[in-house]
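Here's the letter readout for the chains.
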Amino acid sequence: GENVEQHPSTLSVQEGDSAVIKCTYSDSASNYFPWYKQELGKGPQLIIDIRSNVGEKKDQRIAVTLNKTAKHFSLHITETQPEDSAVYFCAASIMRYSSASKIIFGSGTRLSIRP
Amino acid sequence: EAQVTQNPRYLITVTGKKLTVTCSQNMNHEYMSWYRQDPGLGLRQIYYSMNVEVTDKGDVPEGYKVSRKEKRNFPLILESPSPNQTSLYFCASSPQVGGGASDTQYFGPGTRLTVL
């Protein structure tokens, strides 16, 4: 069945350094790839997403890259700050205009920023 | 304030005692979904609904029921809870621009359920 693998499961970086989280997906029909950030005690919140007709998207310190051939996509956070500490989830879904779309989440990455 | 609310936030119950977790959104979203979050497994979709009276199974529907009688509400029902349903549950909604899960989902604060 559909699967999304996410690595690493934990990541610790020095404040100011960059962090990279990688995901691979199994269903080649997937065409929407969101990233969610979950802070302690809260529900996940979308931070950035990318659709399959785009290879890269950037929003300030956050960027996502997509390689459809290899079925890989990655989250890049530059100049990390303490408030970036959280659990990050990648996901993949198939977008269909006239029918339901399922979404599969990765297992999550706990990112810690060291002062 | 635009939000997704869930109740209760915490619940401890015993095996076999029927329970309902309510979910409500005030954003007029068409798509709603339930997830469970377990350590090392991420978020797994239980059920989703594209609109009123339209529901479908996600990846882990066994032991759960849902209903969508009104656009704003999407309750999760556990008819006979078992210990393996102990988990953190999230409800989410989406405007369904382009199709349900392929758009920004807005998550509720979560319900921590313990089944003894």
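As a starting point, this report considers the structure included with it. Keep in mind that what you see is a predicted model, and the values were worked out from it rather than measured.

A short note on the packing of aromatic side chains
Centre-to-centre distance and the angle between the planes together describe a pair of aromatic rings. Taken as a whole and assessed by the stated rule, the structure comprises twelve aromatic pairs over all chains. On the numbers, 5.6 Å between centres and 65° between planes, the contact of W35 of chain A with F73 of chain A is edge-to-face. Highlighted residues: W35 of chain A in strand β4 (residues 32–38) and F73 of chain A in strand β8 (residues 72–77), separated in sequence by 38 residues. By relative accessible area, which is 0% here, W35 of chain A ends up buried. Here the aromatic cluster, defined as three or more aromatic residues joined through ring pairs, consists of Y36 and F105 of chain A together with Y35, F90 and F107 of chain B.

Things to note about the sheet that holds strand β1 (residues 4–7) of chain B
All names here are of chain B. Here four strands make up an open sheet; going across it, the order is β1-β3-β8-β7 and the pairing antiparallel. Edge positions in the open sheet fall to β1 and β7 (65–66), since each of these has one partner strand only. Inspection of the sheet shows β7 paired to strand β8 (residues 76–78) by two bridges, in the antiparallel sense. Looking across to β8, one finds that K65 is bridged to I77.

Some points on the state of the cysteines
Taken as a whole and judged by the stated rule, the model has two disulfides over all chains. Each sulfur of the disulfide joining C23 of chain A and C90 of chain A lies 2.0 Å from the other. An S-S torsion of about -100° defines the bridge between C23 of chain A and C90 of chain A as left-handed. In this pair, C23 of chain A sits in strand β3 (residues 19–25) while C90 of chain A sits in strand β9 (residues 86–93), placing the two residues 67 residues apart along the sequence. Take C23 of chain A: its relative accessible area is 2%, and that puts it in the buried class. At a sulfur-sulfur separation of 1.8 Å, the disulfide partner of C23 of chain B is C91 of chain B. Residues C23 of chain B and C91 of chain B are joined by a disulfide whose S-S torsion is about -70°; by sign, that bridge is left-handed. Residue C23 of chain B is located in strand β3 (residues 19–25), and its partner C91 of chain B is located in strand β9 (residues 87–94); the two are separated by 68 residues in the primary sequence. Exposure class is identical for C23 of chain B and C91 of chain B. Each is buried.

Rules used in this analysis
- Residues numbered from 1 in each chain as written.
- Chains lettered and ligands numbered in written order.
- Predicted model: local features only at pLDDT ≥ 70, side-chain atom pairs only at ≥ 80, totals over all residues.
- Heavy atoms only, no water.
- Phe/Tyr/Trp six-rings, centres within 6.5 Å; stacked < 30°, edge-to-face > 60°.
- Helix = DSSP H or I, 4+ residues; strand = E, 2+ residues; numbered from the N terminus.
- Buried < 20%, exposed > 50% of the residue type's maximum accessible area, 1.4 Å probe, protein only.
- Pairing = 2+ DSSP bridges.
- Disulfide = S-S within 2.5 Å.

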